[in-house]
Amino acid sequence: MTEATGIVGEFLSLKEETDADILTMQCGDFYEFFAEDAELVAEELDLKVSQKSSHGSSYPMAGVPVDDLTPYVSALVERGYRVAVADQHETADGHAREITRVVTPGTHLETGDAAAQYLAAVVRQSGRDGDSYGLAFADVTTGRFQVTQLDDADPGAVLTELYTFAPAEVLPGPDLRNDDDFLDALSERSDAAVSLHASESFAPGRARHRVREQFGAETLSSVGIADDDAAVAAAGAVLSYVEETGVGTLAAVTRLQAYGAREHVALDATTQRNLELTETMQGGKSGSLFDTVDHTATAAGGRLLRRWLQRPRRDRGELHRRQSSVAALTREAMARETIRETLSDAYDLERLASRATSGSADARDLRAAQETLALLPKVADAVEQTERLAESPLANALSGADREAAAELATELDAALVEDPPGTVTQGGLFRRGYDDSLDEIIDDHESALEWLETLPDREKERTGITHLSVDRNKTDGYYIQVGKSETDRVPEAYEEIKTLKNSKRYTIPELDEKERAVLRLEERRHEMEYDLFEELREQVAEHATLMQDVGRTLAEIDALASLAVHAVENDWTRPDVTDGEELSIEAGRHPVVEQTTEFVPNDLYLDRDRQFLVVTGPNMSGKSTYMRQAALITLLAQAGSFVPARDATVGLVDGIYTRVGALDELAQGRSTFMVEMQELSNILHSATEDSLVILDEVGRGTATFDGISIAWAATEYLHNEVRAKTLFATHYHELTTLADHLERVENVHVAVAGEPESAGEDGVTFLRTVRDGPTDRSYGIHVADMAGVPGPVVDRSQEVLDRLREEKAIEARGSGGAGTTQAVFDLSSGTFGGGDGGEPTSADGGAADAVDDDHLTDRFGEDAEDVLSALSGLDVNETPPVELMATVQQWQDELDEA
């Protein structure tokens, strides 16, 4: 194909300059896509493709109007594409175009999602003491910037941080970008786009210089990361990437916040999914913990509340401050509702600040900022004029924003902008009268000229006597006089015809042409002056980005606290006593989500250092999982600063919450359900400490019974003896209940059942949902099968088989087609089947087998067999731990082999 020239050639040349996936180039009033980019965009966004000829060749072309570019770019970025934008500007020779910005998933400002949108960088540095990982997270839509360093850490801890922040885009450092295992794990746990940024941007010296340049020379020391090279490298790379993309938001990034893992409760990705913090196991938002407790009035308040739930604190002082604020709000209903009603008119100030600094804010954005800044005094009055609120920590939250400066900026913006400004900043109509004298003069002249045009039809009708006469304007003809064809014979000679239509004719007159030229000159001057004034105003607002962020964060905090208060009042939640002790005491606790949809049966829970490990037994569907999850969620809510669903609660601070609840099968990733289960168990056994809370809902059920019991038994011993974490362990292995007799801190509890499982229908068992001390006395699996709708014959036959097994009687193996039944008993010692009615025993392969009796064993093995039989008759299988039982059986086999 011949090399393209002209516009297409310019487009292809610019495309070579960028590593973006897609380029769009401004051509007058349109942004155009050419060649492969046009075909891709057309397929993704259903745009029409035409052809553009260039130097004898034809290229696909698709375009969108200049004013409509943003939603199209947003749609592409949401699909993971990086989009370069080349803008057009005037030059002495005509037009020139250059790439002004690259919009990526992590640097997109026009997101419609209220949730935080993070750009992340992760760096690994290896040392003699293990690997250190640096992580930096920037939300360019709000200016929030956070960094941390994990020393002597494993990739799992890093992936947990990434899962919690849920970045839209991740920049892996030089040592990680070729680590396929890490990238594959990241892909499994995150929807983030992975982008490669220049390796030199991660270089320690360059990164350190970039961070100091952005935040100040002493900032690294003041926030405590001066020696954390990996964290600094990640931070520097993020700043470099944001700068190179040209989104212009770095001016809004004014604070560097360092956080440490020890400040927050560890919640790995598995735990966040199992506890359904922000989405359910099915992936929906409705039914999650966040969805349940979120009554926020603002987008920023919702983001903050979500962050509190995903990153609970370990600082008693901070938790006491939040809970005292919630407590005060629960007791002042009128003030609380006044605050929430006021906040319902607030816009997202943090994001408006970023839009102002990037130069993308329009007049409506600045008016929204003014209206929100003006709400701060109203919220402050509601707090300070209510004694209980004024004396609570809620009043201190207001000190985070400079109210005087906020009021001053709000007043300036209100004096500048009309109440309902247009959506474009290039067509005038933005400013109030009195804002600028020179602009007022132009506006007066312009409006005077427009008034002349508006009154022209009446004057001409009176002068000419023509009744069907109007004055209008379009891009082709400019201003014109239109007369109906029935009266065209009455137009004066001064009327110059410019166009004939079906039912009318268009004319112009010298006075109209002159006034049109004046209007156009005035419009152009007005638009240019208003745009210049607006850019100045926007820059003034950008200079106050930190102030706007402070006000936005203050309002968000009050909103989040009010949300927790609303939920506490409406659902009868109580303030927990958060302590540094070992105790987890819950009186009449409830599950915060389940109680919304069902009549909930509350339960008590008590754990401390002497009662550390609870083995929870009971039927399926009886509420074991709910009981354990509610313990974890009550702990989490308490350490988020919230009230909790209980009559009373004392929560000793935990450093982590770990759960293993029913692994989802991941065969597509080459991992079976049991493998996932074991990996989750491994993570818990390695990560939990004596200050953690562990929730295990079944362990070992994905493998053979003896294997499963053995794993569950050993895990229990390890958690009890080595980890010593507070643990709730639900199991169907009743053998584990005997551990309470041998391990001092293990106790049994069970979910109570009324009735007998053998009874069918309405007279059967009733799940009481009440947790009581001690182990359950039996399994209720057949009853659950009946409740689940398993066909009646299967349920009845199951009960018959169970009864015979309990009585150690032969079981009839029922054939089909009227062939009758066969009774069979399987002998564990010989591996053979014997006829249940005294018939000839048969081996597993269908051959004849020796009868199994004491005389036979004595003849075959001698007197040693009598010792084995004697020991067997004296063994209580129900009371013998499974591991000990298997060891005993192995010993007997050895003795018989030697005989």
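## Points about the overall build of the protein
Then, number 1: In terms of helices and strands, the protein carries 30 helices and 31 strands.
Then, number 2: Across the 899 residues that make up the protein, the buried fraction comes to 50%.
Then, number 3: Summed over its atoms, the accessible surface of the protein is roughly 42300 Å², and 45% of this surface lies on carbon and sulfur atoms.

## Remarks on empty space enclosed by the protein
Then, number 1: In total, this model carries 2 cavities of 30 Å³ or more according to the counting rule given.
Then, number 2: By volume, the largest cavity amounts to about 60 Å³.
Then, number 3: Along the walls of the largest cavity sit Thr298, Ala300, Ala346, Tyr347, Leu349, Thr372, Gly552, Leu555 and Ala556, which together make up its complete lining.
Then, number 4: Residue contributions to the lining of the largest cavity peak at 3 residues, all from helix H22 (residues 545-571).
Then, number 5: Grouping the constituent residues of the lining of the largest cavity by class yields 6 nonpolar, 3 polar and no charged.

## Overview of a negative patch on the surface
Then, number 1: Judged by side-chain charge, Glu524, Glu528, Asp532, Glu536, Glu539 and Glu543 come together as a negatively charged surface patch.
Then, number 2: By the element assignment, Glu543 lies in helix H21 (residues 510-543).
Then, number 3: Looking at Glu543, the relative accessible area reads 64%, which means it is exposed.

## Structural notes on the nonpolar core
Then, number 1: Of all hydrophobic cores here, the largest spans 102 residues; its most connected members are Leu289, Ile339, Phe431, Val551 and Leu605.
Then, number 2: With 13 residues, H22 is the largest single contributor of residues to this core.
Then, number 3: Excluding residues within four positions of it along the chain, Val551 makes contact with Leu349, Leu373, Leu376, Ala401 and Ala406.
Then, number 4: Judged by nonpolar contacts, the second largest core, of 28 residues, contains Ala138, Tyr241, Val242 and Val253.

## Side note on the sheet that holds strand E7 (residues 119-127)
Then, number 1: Here 6 strands make up an open sheet; going across it, the order is E11-E10-E7-E8-E9-E12 and the pairing mixed. Two strands lie at the open edges of the sheet, namely strand E11 (193-194) and strand E12 (257-258), each paired on one side alone.
Then, number 2: With 2 bridges joining them, strand E9 (residues 144-150) and E12 adopt parallel strand pairing. Along E12, the bridge assignment pairs Gln146 with Gln257.

## Considering the packing of aromatic side chains
Each aromatic ring pair is described using two quantities: the centre-to-centre distance and the angle formed by the ring planes.
Then, number 1: Evaluation of the coordinates by the stated rule reveals 9 aromatic pairs.
Then, number 2: Taking 5.2 Å as the distance between ring centres and 70° as the angle between the ring planes, the aromatic pair formed by Phe11 and Phe34 counts as edge-to-face. Of this pair, Phe11 sits in helix H1 (residues 6-17) while Phe34 sits in strand E2 (residues 30-34), and the two are 23 residues apart along the sequence. Assigned by exposure class, Phe11 and Phe34 land together as buried.

## Observations regarding the side chain of Arg629
Then, number 1: Mapping Arg629 onto the fold places it in helix H23 (residues 624-640).
Then, number 2: Comment: no salt bridge for buried Arg629; closest opposite-charge side chain is Asp697, at 4.6 Å.
Then, number 3: For Arg629, the contacting residues outside a window of four places in its chain are Asn274, Leu275, His591 and Val661.

## Structural notes on the sheet that holds strand E16 (residues 496-500)
Strands pair in a sheet through their backbones, by hydrogen bonds, and they do so in one of two ways: parallel or antiparallel.
Then, number 1: If you walk across this open sheet you meet the 4 strands as E14-E15-E17-E16, and the pairing is antiparallel. Whereas interior strands pair on both sides, the edge strands pair on one side only; in this sheet they are strand E14 (469-474) and E16. Adjacent strand axes in the sheet meet at a mean angle of 35°, parallel and antiparallel pairs treated alike.
Then, number 2: Here strand E15 (residues 478-484) runs beside strand E17 (residues 504-508); their pairing, made up of 4 bridges, is antiparallel. Counterpart to Val483 in the pairing with E17 is Lys505.
Then, number 3: Taken strand by strand, helix H20 (residues 437-464) contacts E14 and E15, and its axis lies near 150° from that of E14.
Then, number 4: Sheet strands in contact with H21 are E14, E15 and E17, and its direction is about 140° off that of E15.

## Considerations on the environment of Pro421
Then, number 1: Along the chain, Pro421 turns up in the loop between helix H19 (403-416) and H20.
Then, number 2: Sequence separation of Pro421 and Asp365 is 56 residues, and the distance between their C-alpha atoms is 9.6 Å.
Then, number 3: Not counting residues up to four positions away in its chain, the partners in contact with Pro421 are Ala363, Arg364 and Arg367.

## A few points about H1
Then, number 1: Between its first and last C-alpha atoms H1 spans 17 Å; for 12 residues at 1.5 Å apiece the expected length is 16 Å, and the two agree.
Then, number 2: Within the span of H1, buried status applies to Val8, Gly9, Phe11 and Leu14.

## Remarks on the confidence of the model for the protein
A low pLDDT score tells you not to read the predicted coordinates there in detail.
Then, number 1: Averaged over every residue, the pLDDT of the protein is 85; residues scoring 70 or more account for 82%.
Then, number 2: Counted against residues more than four places away or in other chains, residues 756-763, with its pLDDT under 50, gives 14 contacts.

## A closer look at unusual backbone geometry
Note on backbone geometry: most residues besides glycine have negative phi, and most peptide bonds are trans.
Then, number 1: Even without glycine at this site, Glu276 takes up a positive phi of about 55°.
Then, number 2: Residue position: Glu276 is located in the loop between helix H9 (269-274) and helix H10 (289-293).
Then, number 3: Although it is not a glycine, Ala588 adopts a positive phi angle of roughly 55°.
Then, number 4: In this structure, Ala588 sits in strand E19 (residues 584-589).
Then, number 5: Since its relative accessible area comes to 7%, Ala588 is described here as buried.

## Comments concerning the environment of Ser286
Then, number 1: When you line up the elements, Ser286 lands in the loop between H9 and H10.
Then, number 2: Take Ser286: its relative accessible area is 61%, and that puts it in the exposed class.

## Let's talk about helix H3 (residues 69-78)
Then, number 1: All buried positions along H3 are accounted for by Leu69, Val73, Ser74, Ala75, Leu76 and Val77.
Then, number 2: Among the residues trailing H3, Gly80 stands out with phi positive, at a value near 100°.

## So, the pattern of salt bridges
If charged atoms from side chains of opposite charge come close, those side chains can pair.
Then, number 1: If you walk through the whole model with that rule in mind, you get 45 salt bridges.
Then, number 2: Note that Arg433 and Glu447 form a salt bridge whose closest N and O atoms lie 2.7 Å from each other. Highlighted residues: Arg433 in the loop between H19 and H20 and Glu447 in helix H20, separated in sequence by 14 residues.
Then, number 3: Here the salt bridges share partners, and the residues they tie into one network are Arg144, Arg303, Asp348, Glu350 and Arg553.

## A look at the side chain of Gln272
Then, number 1: Its place among the elements puts Gln272 in helix H9.
Then, number 2: Among all residues touching Gln272, those that are not within four sequence positions of it are Tyr163, Thr164, Leu267, Leu277 and Gln310.

## Quick look at the environment of Tyr495
Then, number 1: With respect to the element layout, Tyr495 can be found in the loop between E15 and E16.
Then, number 2: What makes Tyr495 buried here is its relative accessible area of 6%.
Then, number 3: With 13 residues separating them in the primary sequence, Tyr495 and Thr508 have C-alpha atoms 5.7 Å apart.
Then, number 4: Contact partners of Tyr495, with chain neighbours within four places excluded, come to Glu460, Arg463, Thr464, Leu469, Ile481, Val483, Tyr507, Thr508 and Ile509.
Then, number 5: For Tyr495, the side chain forms a polar contact with the side chain of Glu460, separated by 2.4 Å.

The rules behind each value
Residues numbered from 1 in each chain as written. Predicted model: local features only at pLDDT ≥ 70, side-chain atom pairs only at ≥ 80, totals over all residues. Heavy atoms only, no water. Helix = DSSP H or I, 4+ residues; strand = E, 2+ residues; numbered from the N terminus. Buried < 20%, exposed > 50% of the residue type's maximum accessible area, 1.4 Å probe, protein only. Areas by Shrake-Rupley, 256 points an atom, 1.4 Å probe, with all protein chains shown as cover. 1 Å grid on protein atoms, 1.4 Å probe; cavity = no way out; pocket = protein on both sides within 12 Å on 5 of 7 lines; lining within 4 Å. Points joined across faces, edges and corners; volume = space filled by probe spheres on them. Nonpolar A, V, L, I, M, F, W, Y, C, P; charged D, E, K, R; others polar. Patch = residues over 30% accessible without salt bridge, like charges linked within 9 Å, V, L, I, M, F, W, Y side chains within 5 Å. Salt bridge = Lys/Arg side-chain N within 4 Å of Asp/Glu carboxyl O. Lys, Arg positive; Asp, Glu negative; His and termini not counted. Charge placed at Lys NZ, Arg CZ, Asp CG, Glu CD. Core = buried A, V, L, I, M, F, W, Y, C linked by side-chain atoms within 4.5 Å. Contact = heavy atoms within 4.5 Å. Pairing = 2+ DSSP bridges. Phe/Tyr/Trp six-rings, centres within 6.5 Å; stacked < 30°, edge-to-face > 60°. Axes fitted to C-alpha atoms, helices over the stretch in contact; angles between N-to-C directions. Expected span 1.5 Å × (residues − 1). pLDDT = per-residue confidence, 0-100. Polar contact = N/O pair within 3.5 Å; in protein donor to acceptor, adjacent residues only side chain to side chain.

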